[in-house]
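Per-entry structural report
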Amino acid sequence: MFARRTAARVVAQPSLLAAPSNARNMATLREIELRLKSVRNIEKITKSMKMIASTKLAKAQRAMQAGKLYGAANAEVFETAKEGATGPQKLFIVVSSDKGLCGGIHSSVTKATRRAFNNTPDSPIAGASVEPDSSVMVIGDKSKAQLSRVLPNNFKLTFNQIGRDVPTFADAASVADLVVKSGVEYDSVVIIYNKFVSAISYEAAAIEIKGEKALKESEGFKKYEMEDDFTKDLAEFSLANALFAALTESHACEISARRNAMDNASKNAGDMIGSLTMQYNRGRQAAITNELVDIITGASAL
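What you see is a predicted model; the values in this text were computed from it and never measured. (Residues numbered from 1 in each chain as written. Predicted model: local features only at pLDDT ≥ 70, side-chain atom pairs only at ≥ 80, totals over all residues. Heavy atoms only, no water.)

Adjacent strands of a sheet pair through backbone hydrogen bonds, lying either parallel or antiparallel. Spatially, the 5 strands line up as an open sheet ordered 3-2-1-4-5, and their pairing is mixed. Each having just a single partner strand, strand 3 (155-159) and strand 5 (201-210) make up the two edges of the open sheet. Across the sheet, the mean angle from the axis of one strand to that of its neighbour is 20°, orientation sign disregarded. In this sheet, strand 4 (residues 188-198) lies alongside strand 1 (residues 90-95) in parallel orientation, the contact comprising 5 bridges. Of the residues in strand 4, the one forming a bridge with phenylalanine 92 is valine 190. The strands that helix 8 (residues 230-301) touches are strand 1, strand 2 (135-139), strand 4 and strand 5; relative to strand 4, the one it contacts most, it runs at about 30°. (Pairing = 2+ DSSP bridges. Helix = DSSP H or I, 4+ residues; strand = E, 2+ residues; numbered from the N terminus. Axes fitted to C-alpha atoms, helices over the stretch in contact; angles between N-to-C directions. Contact = heavy atoms within 4.5 Å.)

Take the packing of helix 5 (residues 169-181) against helix 8 next. Across the interface, helix 5 lies against helix 8 with an axial gap of 8 Å and an inter-helix angle of 130°. Looking at the two axes, helix 5 sits oblique to helix 8. Classified by chirality, the crossing of helix 8 by helix 5 is right-handed. Contacts between helix 5 and helix 8 involve Phe169, Ala172, Ala173, Val175, Ala176, Asp177, Val179 and Val180 from the former and Glu236, Phe237, Leu239, Ala240, Asn241, Leu243, Phe244 and Leu247 from the latter. For the contact of helix 5 with helix 8, the residue count by class is 13 nonpolar, 1 polar and 2 charged. (Parallel < 35°, antiparallel > 145°, perpendicular 65-115°, else oblique. Left-handed = near helix turned anticlockwise from the far one by under 90°. Nonpolar A, V, L, I, M, F, W, Y, C, P; charged D, E, K, R; others polar.)

Structurally, the position occupied by histidine 106 is in helix 3 (residues 105-118). A relative accessible area of 7% means that histidine 106 is categorised as buried. Of note is the side chain of histidine 106, whose polar atom sits 2.7 Å from the backbone oxygen of lysine 99. Once you skip the residues sitting within four places of it in the chain, histidine 106 turns out to touch Ser96, Ser97, Lys99, Gly100, Lys142, Ser143 and Gln146. (Buried < 20%, exposed > 50% of the residue type's maximum accessible area, 1.4 Å probe, protein only. Polar contact = N/O pair within 3.5 Å; in protein donor to acceptor, adjacent residues only side chain to side chain.)

A word on the nonpolar core. In summary, soluble globular proteins display a tendency toward joint burial of nonpolar side chains. Counting 29 residues, the largest nonpolar core has Ile93, Ile139, Val179, Ile191, Leu239 and Leu243 as its most contacted members. Listed by contribution, the elements that provide at least two residues to this core are strand 1, strand 2, helix 5, strand 4, strand 5 and helix 8. No other element matches helix 8, which puts 9 residues into this core. Discounting chain neighbours no more than four positions away, the residues touching isoleucine 139 are Ile93, Val94, Val95, Ser96, Ser97, Phe159, Ile162, Val175, Leu243 and Leu247. Of all hydrophobic cores here, the second largest spans 14 residues; its members include Phe92, Ala116, Phe117 and Val190. (Core = buried A, V, L, I, M, F, W, Y, C linked by side-chain atoms within 4.5 Å.)

Our next topic: the pairing of strand 1. Counting buried positions over the 6 residues of strand 1 gives 6, a clear majority of the element. Neither face of strand 1 is open: one carries Lys90, Phe92 and Val94, the other Leu91, Ile93 and Val95, and all of them are buried. Bridge count for strand 1 against strand 2 is 5 bridges, and the pairing is parallel. Note that in strand 2 the partner of leucine 91 across the bridge is serine 135.

Right, let's get into a negative patch on the surface. A cluster of acidic residues, Glu227, Asp228, Asp229 and Asp233, forms a negative patch at the surface. Note that aspartate 229 resides in the loop between helix 7 (219-222) and helix 8. (Patch = residues over 30% accessible without salt bridge, like charges linked within 9 Å, V, L, I, M, F, W, Y side chains within 5 Å. Areas by Shrake-Rupley, 256 points an atom, 1.4 Å probe, with all protein chains shown as cover. Salt bridge = Lys/Arg side-chain N within 4 Å of Asp/Glu carboxyl O. Lys, Arg positive; Asp, Glu negative; His and termini not counted. Charge placed at Lys NZ, Arg CZ, Asp CG, Glu CD.)

Right, let's talk about the pairing of strand 4 for a bit. Counting buried positions along strand 4 gives 8 out of 11 residues, so the element sits mostly inside the fold. Bridge analysis of strand 4 against strand 5 gives 10 bridges, and the strand direction is antiparallel. Looking at strand 5, one finds that phenylalanine 196 is bridged to tyrosine 202. Hairpin connection of strand 4 to strand 5: 2 residues between the antiparallel strands.

Right, dumping it as structure tokens:
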């Protein structure tokens with residue numbers, strides 16, 4: 001009898017030693033369960049943001065079509081004044097926004113600006129030489145943070161809180177007014193923005209707006225008698241028109257890119273949920289199997 005009790009104690013000892021292993025297993029399962037919960041919550045957020053972006057996209061595209069009419073009017077004016085040569089001093093206005101979670105929409109205009117300053121063959125204003133000390137103004141905090149690291153001495157003005165909703169002509173006119181009143185000297189203005197190609201693609205583009213001096217010297221305008229302030233007002237109005245067209249098109253690109261980014265994020269979250277669920281089920285099955293082995297081992301020992 002005494003020998004049996006001693007043997008039972010010796011056999012029972014390994015099951016006591018196995019308890020920490022089970023505890024570690026349960027802790028791992030708990031961590032996986034918490035991670036699953038957080039990923040599911042992220043998936044809900046990304047799906048909601050995708051739905052919101054999808055509803056905003058139609059409104060943004062309508063505004064973009066209206067803005068293109070302003071850009072077409074500008075193109076007609078500058079077609080008349082194309083003989084007037086612009087000077088080397090250019091002012092760059094980079095159009096982005098304050099919001100993120102929209103893929104590489106802001107990096108696109110930042111890289112295009114850097115290519116323009118480096119005078120590379122794939123520059124958005126190919127064929128035109130850019131002075132290293134050309135002034136830069138940025139609309140939106142995202143591109144401001146990126147360009148401030150590479151062109152810190154070229155910054156003159158930055159704008160934010162523009163384009164939180166669909167941009168209006170009043171937004172563009174206020175930016176143009178501040179640009180004119182800033183005292184920055186320039187021969188032409190280069191607006192770098194994102195061009196809407198389709199609902200899933202965009203590309204960086206540039207619009208060059210001639211300054212007051214270039215308009216005065218063009219043969220098309222010399223044919224008419226005009227007041228002194230006419231070309232100045234026309235240059236400011238043309239800048240506002242071009243800014244409005246660029247702001248609306250960039251806004252449509254941003255909404256489209258955000259919808260695509262949230263769609264991809266939702267798909268990635270779904271894949272991660274499937275992987276974590278399988279890992280959790282395997283861990284739980286392994287823990288149950290270990291417990292059954294311990295029970296059977298103890299019962300057979302008795």
